[in-house]
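Next come the chains, spelled out residue by residue.
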Amino acid sequence: EAGVVQSPRYKIIEKKQPVAFWCNPISGHNTLYWYRQNLGQGPELLIRYENEEAVDDSQLPKDRFSAERLKGVDSTLKIQPAELGDSAVYLCASSTSGTNTGELFFGEGSRLTVL
Amino acid sequence: SQKIEQNSEALNIQEGKTATLTCNYTNYSPAYLQWYRQDPGRGPVFLLLIRENEKEKRKERLKVTFDTTLKQSLFHITASQPADSATYLCALTISGGYNKLIFGAGTRLAVHP
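Residues numbered from 1 in each chain as written. Chains lettered and ligands numbered in written order. Predicted model: local features only at pLDDT ≥ 70, side-chain atom pairs only at ≥ 80, totals over all residues. Heavy atoms only, no water.

(A) Representation of the overall build of chain A within the structure. Across its full length, chain A carries 0 helices and 11 strands. What you see in chain A, going N to C, is helices and strands ordered as β-β-β-β-β-β-β-β-β-β-β. In terms of overall dimensions, chain A is globule-like: its C-alpha atoms have a radius of gyration of 13 Å, near the 13 Å expected for 115 residues. Taken over the C-alpha atoms alone, chain A extends approximately 35 × 25 × 25 Å along its principal axes. By residue count, 48% of the 115 residues in chain A fall in the buried class. At a minimum sequence separation of 6, the contacts of chain A that also span at least 24 residues come to 54%. Carbon and sulfur atoms form 48% of the exposed surface of chain A, whose accessible area is close to 5600 Å². (Helix = DSSP H or I, 4+ residues; strand = E, 2+ residues; numbered from the N terminus. Rg over C-alpha atoms; globule rule 2.2 N^0.38 Å. Buried < 20%, exposed > 50% of the residue type's maximum accessible area, 1.4 Å probe, protein only. Contact = heavy atoms within 4.5 Å. Areas by Shrake-Rupley, 256 points an atom, 1.4 Å probe, with all protein chains shown as cover.)

(B) Structural detail: the interface of chain B and chain A. Contact with chain B, which involves 19 residues of that partner, is made by 23 residues of chain A. Both faces considered, chain B and chain A share a buried interface measuring about 1700 Å² in area, 48% of it formed by carbon and sulfur atoms. Joining chain B to chain A, the criterion identifies 1 salt bridge. A salt bridge links R42(B) to E108(A); its shortest N-O distance comes to 2.5 Å. (Buried area = accessible area lost by both parts, 1.4 Å probe. Salt bridge = Lys/Arg side-chain N within 4 Å of Asp/Glu carboxyl O.)

(C) Representation of the pattern of salt bridges. All names here are of chain A. The full count for this structure, using the stated rule, is 9 salt bridges over all chains. D57 is paired through a salt bridge with K62; the nearest N and O atoms lie 3.8 Å apart. The salt bridge involving R64 is made with D86; its shortest N-O contact spans 2.6 Å. Of this pair, R64 sits in the loop between strand 6 (53–56) and strand 7 (65–68) while D86 sits in the loop between strand 8 (75–79) and strand 9 (88–95), and the two are 22 residues apart along the sequence. On the basis of relative accessibility, which here comes to 12%, the residue R64 falls in the buried class. Residues joined by salt bridges that share partners form a network here, namely R64, E83 and D86.

Below, the structure written as structure tokens:
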């Protein structure tokens with residue numbers, strides 16, 4: 001069974017440029033998460049989807065970040081414009097349970113460096 | 001304020017010994033607690049989940065305890081091996097609405113031959 005697939009694995013951009021990350025969750029997983037992980041820190045939730053609906057986006061900086069999950073499968077996270085402080089690893093995860101009471105399956109992450 | 005505390009300093013142990021990692025939390029009442037392993041440059045991988053009404057959970061060489069009075073979970077790896085070297089993250093499920101999963105910063109474990 002294929003795991004959670006993310007791309008790109010690495011991205012280097014200059015500040016003020018846009019960037020987008022893509023995630024394909026495990027087949028059949030209705031719940032999809034985007035987390036941001038800074039160096040030496042644990043993952044922090046940005047947004048959670050139940051199918052197409054964003055049910056928790058309280059930590060998403062909406063002035064520059066946007067996300068979508070069309071058709072309730074793949075998802076895209078966009079940053080425009082990027083700032084120096086956005087340098088981090090962006091992790092996508094999926095699960096069968098929307099209640100955070102079960103296992104999350106993470107992708108390998110997309111490492112963003114903003115210069 | 002609410003927080004999750006894991007030892008920020010790396011834990012260095014000798015191969016064959018038992019590694020014990022600590023997760024303390026304040027001002028949370030988690031219904032579930034999970035432990036994940038994360039290798040450098042990789043995403044976290046789920047290891048174990050324990051519920052608030054469970055005291056202990058085991059899986060092969062792994063054991064997790066959950067003390068809601070002390071607000072603490074201990075994660076044990078018995079007969080540790082160099083391949084167990086990684087960062088271990090604890091995560092709490094906080095009840096309410098769709099619930100929230102909050103991660104600690106993790107503790108790095110280094111097992112030396």
